[in-house]
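Structure assessment
Residue-level listing of the chains:
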Amino acid sequence: MNWQTLAGNRVLGAIVIAIVLQVLSAWLIDGYDISTSLRPLLVISAFLAIASIGQTLVIILGGIDLSIPFVMGFANVVAAQLYGQGVDFTLICLLVGVLALLIGAVNGALSSILKIHPLIITLGIGTMVQGSVLWWTGGFPTGSAPDAVSEFVSIGASLGPIPLPGLIPAVIIVAVAVALMLSSTAYGRRLYAIGGNPSAARYALISPAGMWIATFALSAFFAAMAGILLLGFTGSAYGDVGQPYLFQTIAAVVIGGTALVGGRGSYIGTIAGSLVLVEINTLLIGLGLQPSMVQAALGAVIIALVSLYGRESHIRTTI
C-alpha cells in the first residue's frame, strides 16, 4: 500500500470515527439529540479547525508549532484592548494579522537558519509573546469584540436561509482553499517535497529556509484569526484562551492522518480530526466525568495516537 492510499484511509477512518462517536453519544447520553447538538459541535470544531490549519502545514513540512496557543492569546487580547480604545476593528485585524505573520516568520527563520528544533524555538517565542502581552496589559486585559463578530460565531445565529452561523460556511470555503493550495500549487508541492526529503528538495532548487519562514508565518496568521474569532465567541479578552489548543491542534492533525514525521497529510483530515476530538470531549462530559478526568482521558488519547503514528518510518526511507 503506498502512502497516498494510507493517508486517504486515515482520513476516511477519522470520518468514520466521528460518525460512530455521534451514534454512541446519542445512545449513551440521556437527552442527547444529534439534530440539536450538531450546531454547537460544528461551531466548537470550527475554532479548532482554524487553529489547526498552520499546524497541518508545519507538520507536513516536518516541524511542529508550539507557539499557536500563545499567538491566539496575543491576538485575542490585542484585538479586545484596541477595540475598547476605539480603534476600527478592520484596522485591528490587519494589524494583528501582520504582527502574527512576523512572529511566525521569526519562528521559521530561527528554526531553519540556526538548525534548532522548532519545538524549542516556537515554545520560546510563544512565551516571549505571552510575556509581552502580560506586560502591556498589566495582567488585566479589557475590551470586547464588535457585535458583528459575535454574531458571526454565535451558535444560535443563522446566515440568511442557512441555519448555521457564518463561521461554518467560512470554514468550508477556507478548507477548500487550503486543500487546493496543497494539491494544486507550487507551494503545496514544495511543502510535501521538503517534508518528504529535505536533501532531495535542495537538488530540486527548493529553498528550505524560504518555505519554513512562509509556513510558520501562515501558522501564526491562522492562529491569530482563531484568537480573534474566539474573542467574539467568549465576549471578553482572555490571555490564556489558546491554552487548550496547545496539544489539541497536534492531536487533530494526527487523527486526521498527517504523519508527524512529515511529507504526507491533508487539511481535510485535520477537519475530521477536529470533529473527533470535540466529540470525544462531549461524550466524556455527557457521561458525567469530572473536568479533570476528561482532561486525563483526552491526554491518554493524544498519547496513544502520537505513539502509534510517530513510530512510522519517514517517507524518504520508503521511496
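Up top is the structure.
Residues numbered from 1 in each chain as written. Predicted model: local features only at pLDDT ≥ 70, side-chain atom pairs only at ≥ 80, totals over all residues. Heavy atoms only, no water.

1. A look at the overall build of the protein
Our working rule: Helix and strand definitions here come from DSSP, where helices need a minimum of 4 consecutive H or I residues and strands a minimum of 2 consecutive E residues; each element is numbered from the N-terminal end. Under the scheme applied here, a residue whose accessible area is under 20% of the maximum for its type counts as buried, over 50% as exposed, and between as partly exposed, the area being computed with a 1.4 Å probe on protein chains only. Throughout, a residue-residue contact means that at least one pair of heavy atoms, one from each residue, lies within 4.5 Å.
Across its full length, the protein carries 13 helices and zero strands. In the protein, the succession of α and β elements from N to C terminus is α-α-α-α-α-α-α-α-α-α-α-α-α. A burial count over the protein gives 48% of its 319 residues as buried. In the protein, once contacts between residues fewer than 6 apart in sequence are set aside, the share between residues at least 24 apart is 77%.

2. With respect to the packing of aromatic side chains
Just so we agree on the cut-off: For this analysis, a ring pair means two rings from Phe, Tyr or Trp (six-membered ring only for Trp) whose centres lie within 6.5 Å, classed as stacked if their planes differ by under 30 degrees, edge-to-face if by over 60, and tilted for the remaining angles.
What the rule picks out here adds up to four aromatic pairs. Taken together, a centroid distance of 5.5 Å and an interplanar angle of 80° make the contact between F221 and F222 edge-to-face. Classification of F221 by relative accessible area gives partly exposed; the value is 26%.

3. Let's talk about helix α5 (residues 118–137)
The condition that has to hold: One fewer than the residue count of a helix, multiplied by 1.5 Å, yields its expected span. Working note: the arc is built from the helix axis to C-beta atom directions.
Helix length check: α5, at 20 residues, gives a terminal C-alpha distance of 28 Å against a target of 28 Å (1.5 Å per residue), a fit within 8%. The set of residues buried in α5 consists of P118, I121, T122, I125, G126, V129, V133 and T137. Seen end-on, α5 carries its buried residues on one side only, within an arc spanning 125°. Of the exposed residues in α5, the ones pointing more than 90 degrees away from its buried face are I120, M128 and W135. Packed against the buried residues of α5 are α3 (68–84), α4 (89–113) and α10 (208–234). Directly beyond the C-terminal end of α5, a positive phi value near 70° is found at G138.

4. Quick word on the environment of S25
Mapped onto the elements of the fold, S25 is located in helix α1 (residues 3–28). Since its relative accessible area comes to 1%, S25 is described here as buried. In this structure, the C-alpha to C-alpha distance between S25 and L283, residues 258 residues apart in sequence, is 5.6 Å. Beyond its immediate chain neighbours, meaning those up to four positions away, S25 contacts Y32 and L283.

5. Here's the deal with the packing of helix α2 (residues 34–61) against α10
Helix-helix packing is described using two parameters, namely the angle between the two axes and the distance between the axes. We count it as follows: Axes here refer to lines fitted to C-alpha atoms; in helices the fit is confined to the stretch in contact. Angles between the N-to-C directions go from 0 to 180 degrees. Any angle from 65 to 115 degrees is called roughly perpendicular, while one under 35 is roughly parallel, one over 145 is roughly antiparallel, and all others are oblique. Any residue that is not Ala, Val, Leu, Ile, Met, Phe, Trp, Tyr, Cys, Pro, Asp, Glu, Lys or Arg is counted as polar, Gly included; the first ten are nonpolar and the last four charged.
The N-to-C vectors of α2 and α10 enclose an angle of 170°; their axes lie 8 Å apart at closest approach. Between α2 and α10, the crossing angle belongs to the class labelled roughly antiparallel. Contact residues: V43, F47, I50, A51, I53, G54, Q55, L57, V58 and L61 in α2; M211, W212, T215, F216, L218, S219, F222, A226, L229, L230 and F233 in α10. Of the residues contributing to the contact of α2 with α10, the split by class is 17 nonpolar, four polar and no charged.

6. Focus on the side chain of S111
Looking at where S111 falls in the secondary structure, it is placed in helix α4. If we skip the residues at most four places from it in the chain, S111 touches I116, P118, I121 and W212.

7. Section: the side chain of T258
Basically, it comes down to this: Polar contacts, as used here, are pairs of N or O atoms within 3.5 Å; protein pairs need one atom able to donate a hydrogen and one able to accept it. Residues neighboring in sequence count only if both atoms are side-chain atoms.
Along the chain, T258 falls in the loop between α11 (245–255) and α12 (267–286). Residue T258 is classed as buried on the basis of its relative accessible area of 0%. Here the side chain of T258 touches S266 through a polar contact of 3.4 Å, landing on its backbone nitrogen. Excluding residues that lie within four positions of it along the chain, T258 makes contacts with T56, I59, I60, V253, R264, G265, S266 and T270.

8. Some thoughts on the packing of α11 against α12
Basically, it comes down to this: What makes a crossing left-handed is the near helix being turned counterclockwise from the far one by less than a right angle; a clockwise turn instead makes it right-handed.
Packing of α11 against α12 brings their axes to within 7 Å, and their N-to-C directions diverge by 120°. Accordingly, the angle class assigned to the pair α11 and α12 is oblique. As α11 packs across α12, the resulting crossing turns out to be right-handed. Along the contact surface, α11 presents Q248, A251, A252, V253 and I255, while α12 presents G269, T270, G273, S274, V276 and L277. In terms of residue class, the contact of α11 with α12 is built from six nonpolar, five polar and no charged.

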